Amino acid sequence: MALKRLGFCAMWLAFMAAMLGAAPMPKKKSDPLLEKAKYLQRDLIDKHLLEGLYVSIVPATPPGTKLQHTTDGPGNVLHAGVWTGRYLAGVGYQYAVTKDPWVRQHGGEILRGLRKLQEVTGKPGLLARGFVKGHGPVAGWETGGNDSKEWHQGQGKYKDYRWYGDVSVDNFNAVLYGYAVYYDLAADAAQKKFIAYDVDRLMTHLLDNHCRIVDVDGEVTTWGHVGIDPDPARDEYYKKLYANILARANLQDAPWRPPLRASLMLLPDLLIAYHITGKPRYRDFYQRVVARFKDNPDVMRDPRPFSLERLARVNHSSEGQAYEALYNLIRYERDPDLLKLYRQWVLDLWEMNWMEGNALFAFMTLALLPEYRAPVKPGVSRATPHKVPHGQEGLRLAIQTLRLYPYDRVLRPVMNSRRKDIELNPYADRFGSKQSAKPLPINQRPHDNEYAWKGNPYLLDGWLKPTVTQIQFACDDPQVWWFCDSAGRLYMTRDDGKTWRDMSLGLMGARVHNIVASKTRTFVLYAQTDQGVFLTRDGGMSWRPVPTGEAPTFETPNFKEWQRGPGGNLSYKINDANELVRSPDGGITYAPCMRGWRIPLAHSVFCTPRGVIASGPGGCYLSKDGEKWTELKLWQEYETGAADFLHAYWMGRYYGLLER
């Protein structure tokens, strides 16, 4: 196959619990941000750590729950390298500020997790995206007919781990970033040696493969081009690789002269490797890249001033990667001409996001501009916000964001597009979605998938629920019922709605449109799908096509028509404004009845023996009378960890930009 798609311990636990405060938080008055950091780190360690690896998205559970990350648990490890690297940096700042021995011990656990992320692949210098323990398909990530070609089973001492490959530039660079910060601020002599060994392997792999990450299959990973190899013998390779981009710029026949910014992800990696290992190879290669590309025209720079149109096109995730790269470039570089250039790149980023309250970006900017100023000592600032454009206002907004950062990390539906108080950007974002003209406070916007600082602060809606399209109850067991939804999935409960299980996996990707339960057999169910009608005799564990002529009649509910509720005194329907309305007189008079809903929009309603069940983008609800509603937890909810908050908070503390 051709190149892939182009682009970017029991003792320890006991000690950890004591240090982090397994007991309730102190009652004495103290800094609320510090208390928030303690709480969020305790929650992160309880739920999100797998042998030092940070698992960003996990099933939502009560505080204090200890989660195990195995193939049977749907924790998302597909981006674990990125977030583990950035969390390691936060732990580095934390140690520099606190000098707490536990923090350094915690850092060592993370370092061992990152080494395992590399060794589990069996290929020196190649990182995995993430791993889980166990054998078999990974719950939620390679079942239901999904393609799982990047999942591999570990070998040798890692035979009990399943890992995901196809690592990308952002994974690679974030790990290097975390190593650099932790090495400088927290590592003891043994940890420094540990880090140097791993950095050297990673960078040897990269340079031996012409600045590319090459997977176990011998191919460049999907987003595995970390920079541009300065060897002229590679020019034709890059011209073919970037042929479409060059054609759009009418440069297909021009000499290969990429700007230095095209190697922004590579440059800090080389300086980090030289700084940590002391090997001249990395500094020499850095100088070759600079010499070859520094004077080339920077066609990647957009010189236009800030505008809502430019704002709509911003890739916030790429901004985070750029900040991360520039942070170590400026910390390690000494050449005044290069520093001037790199600082301009920081200013370009800052111009587009100083008003967003992005704490990490603000703290990095104020540390790097107008020149890099390390603190006198951790917590004693030498930064000069008044000398940075919008620096003081940007700092105020960053601190406000940390104060508003929510303790609750569950990914719940948000639909700000219904609000009349939000000014809309007339330009859609790069995915075609509406967005606000001004940044939304972090406690009002949809949670970003995994890391707030790479998220879009103008995003209006997110994590909306599918619509329940049909409900069926077993003929003789009131504990058993099913529903299907607008995502084409089918779920069953055997405990009257307390827990739900996805029963559509055996349909191998067929989308369920409608269902009918047998009137005589408990676990017999028919499903109408986009690939025909199927029958199950075990509630959905196995399916077979229904022979021609034996399919039942599937009724298509009309939610716009009145339905009599339980008892027959009240009727319900959904009106043209997508409101659930209730009538006491068969439709002569009626009024909306969605009090307490997260988002007061309804797309379906069913009058059942259990009561009125209605669903919309905010979730599904049950009521006996349309007055008091109880949310039904039909779909698994997930939550993120707070590695983002901890990274930014401890960085702000280190640079003295946050008062204790």
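Please read these numbers as outputs of a predicted model, since none were measured by experiment.

Calculation criteria
Residues numbered from 1 in each chain as written. Predicted model: local features only at pLDDT ≥ 70, side-chain atom pairs only at ≥ 80, totals over all residues. Heavy atoms only, no water. Helix = DSSP H or I, 4+ residues; strand = E, 2+ residues; numbered from the N terminus. Buried < 20%, exposed > 50% of the residue type's maximum accessible area, 1.4 Å probe, protein only. Areas by Shrake-Rupley, 256 points an atom, 1.4 Å probe, with all protein chains shown as cover. Lys, Arg positive; Asp, Glu negative; His and termini not counted. Charge placed at Lys NZ, Arg CZ, Asp CG, Glu CD. Pairing = 2+ DSSP bridges. Axes fitted to C-alpha atoms, helices over the stretch in contact; angles between N-to-C directions. Salt bridge = Lys/Arg side-chain N within 4 Å of Asp/Glu carboxyl O. Contact = heavy atoms within 4.5 Å. Core = buried A, V, L, I, M, F, W, Y, C linked by side-chain atoms within 4.5 Å. Phe/Tyr/Trp six-rings, centres within 6.5 Å; stacked < 30°, edge-to-face > 60°. Lys NZ or Arg CZ within 6 Å of the ring centre and 35° of its normal. pLDDT = per-residue confidence, 0-100. Parallel < 35°, antiparallel > 145°, perpendicular 65-115°, else oblique. Left-handed = near helix turned anticlockwise from the far one by under 90°. Nonpolar A, V, L, I, M, F, W, Y, C, P; charged D, E, K, R; others polar.

### Topic: the overall build of the chain
From N to C terminus, the chain includes 16 helices and 27 strands. Principal-axis analysis of the C-alpha atoms gives the chain an extent of 80 × 60 × 55 Å. For the chain, buried positions account for 55% of its 660 residues. Counting every atom, the chain has about 29000 Å² of accessible surface; 52% of that belongs to carbon and sulfur. When the 85 basic and 72 acidic side-chain charges of the chain are each reduced to a single mean position, those positions are 4 Å apart.

### Points about the sheet that holds strand β25 (residues 619-623)
Judged by pairing direction, the sheet is antiparallel, and its 4 strands sit side by side in the order β23-β24-β25-β26 without closing on themselves. Strand pairing shows two members of the sheet lacking a second neighbour, β23 (604-608) and β26 (630-632), which therefore form its edges. Adjacent strand axes in the sheet meet at a mean angle of 25 degrees, parallel and antiparallel pairs treated alike. In the sheet, β23 pairs with strand β24 (residues 611-616) via 5 bridges, with the strands oriented antiparallel. Bridging from a neighbouring strand, S604 pairs with S615 of β24.

### Focus: unusual backbone geometry
The phi torsion of most residues other than glycine is negative, and most of the peptide bonds are trans. With omega at -5 degrees, the peptide bond leading from L369 into P370 counts as cis. Tracing the chain through its elements places P370 in the loop between α14 (359-368) and α15 (391-404). In the Ramachandran plot, D496 falls in the positive-phi region, its phi being about 60 degrees despite a non-glycine side chain. Counting through the fold element by element, D496 comes out in the loop between β13 (490-493) and β14 (501-502). You can call D496 partly exposed: its relative accessible area is 32%.

### A look at helix α9 (residues 267-277)
Burial within α9 is extensive, with 8 of its 11 residues counted as buried. For α9, every residue scored as buried is listed here: L267, P268, D269, L270, L271, I272, A273 and I276. Looking one or two residues past α9, G278 carries a phi angle of roughly 75 degrees, positive in sign.

### Comments concerning the side chain of D269
When you line up the elements, D269 lands in helix α9. An unpaired buried charge is present at D269: no salt bridge exists, and R86, the closest side chain of opposite charge, is 11 Å distant. Sequence-distant contacts of D269, that is, excluding residues within four places in its chain, are made with F172, N173, L176, M203 and V226.

### Re the nonpolar core
Judged by nonpolar contacts, the single largest core of 146 residues is most densely connected at Y93, Y342 and F645. Of all the elements, helix α5 (residues 169-185) adds the most residues to this core, at 12 residues. Listed in part, the 25 residues of the second largest apolar core include F559, V612, L632 and L634.

### Re the packing of aromatic side chains
Between two aromatic rings, the relevant description is the distance of the centres plus the angle of the planes. With the rule as written, the count across this model stands at 29 aromatic pairs. Between Y237 and Y238 the ring centres are 5.3 Å apart and the planes differ by 85 degrees, which places this aromatic pair in the edge-to-face class. Relative accessible area serves as the criterion here: at 0%, Y238 is assigned to the buried category. Relative to Y242, the ring of Y238 lies with its centre 6.3 Å away and its plane at 10 degrees, an arrangement referred to as stacked. Joined through ring pairs, the aromatic side chains of F473, W481, F483, Y491, W500 and W635 make up one cluster. The residue whose ring lies beneath R86 is Y451, and the NZ or CZ to ring-centre distance is 5.4 Å. Cation over ring: K192 sits above Y183, and NZ or CZ is 5.0 Å from the ring centre.

### Notes on the sheet that holds strand β4 (residues 130-133)
Spatially, the 3 strands line up as an open sheet ordered β4-β6-β5, and their pairing is antiparallel. Each edge of the sheet is formed by a strand with only one pairing partner; in this case those strands are β4 and β5 (151-153). Geometrically, the sheet is characterised by an average inter-axis angle of 25 degrees between neighbouring strands, direction not taken into account. In this structure, β5 lies alongside strand β6 (residues 161-164), joined through 3 bridges in antiparallel fashion. Bridge pairing in β6 places Q153 opposite R162.

### A look at the confidence of the model for the chain
Regions with low pLDDT should not have their predicted coordinates read in detail. Looking at the chain as a whole, its pLDDT mean stands at 91, while 94% of the residues score no less than 70. This stretch, residues 1-28, has a pLDDT under 50; its non-local contacts, to residues over four places away or in other chains, come to 54 contacts.

### Things to note about the pattern of salt bridges
If you walk through the whole model with that rule in mind, you get 32 salt bridges. A salt bridge links R261 to D298; the nearest nitrogen and oxygen atoms lie 3.0 Å apart. Of this pair, R261 sits in the loop between α8 (243-248) and α9 while D298 sits in the loop between α10 (280-293) and α11 (308-312), and the two are 37 residues apart along the sequence. Exposure remark for R261: the relative accessible area of 16% places this residue in the buried category. With a closest N to O distance of 2.9 Å, E627 and R595 form a salt bridge. Here R595 lies in the loop between β22 (591-592) and β23 and E627 lies in the loop between β25 and β26, a separation of 32 residues in the sequence. By relative accessible area, which is 34% here, E627 ends up partly exposed. Salt bridges sharing partners connect three or more residues here, namely R115, E119, D198 and R201.

### Quick notes on the packing of α14 against helix α16 (residues 643-654)
Interhelical geometry of α14 versus α16 gives an angle of 30 degrees and a closest axis separation of 9 Å. In terms of orientation, α14 lies roughly parallel with respect to α16. Like other packed secondary-structure pairs, α14 and α16 cross with a definite hand, here left-handed. For the pair α14 and α16, the contacting residues are A359, L360, F363 and M364 in the first and H647, A648, M651 and G652 in the second. Residues belonging to the contact of α14 with α16 are distributed by class as follows: 6 nonpolar, 2 polar and no charged.

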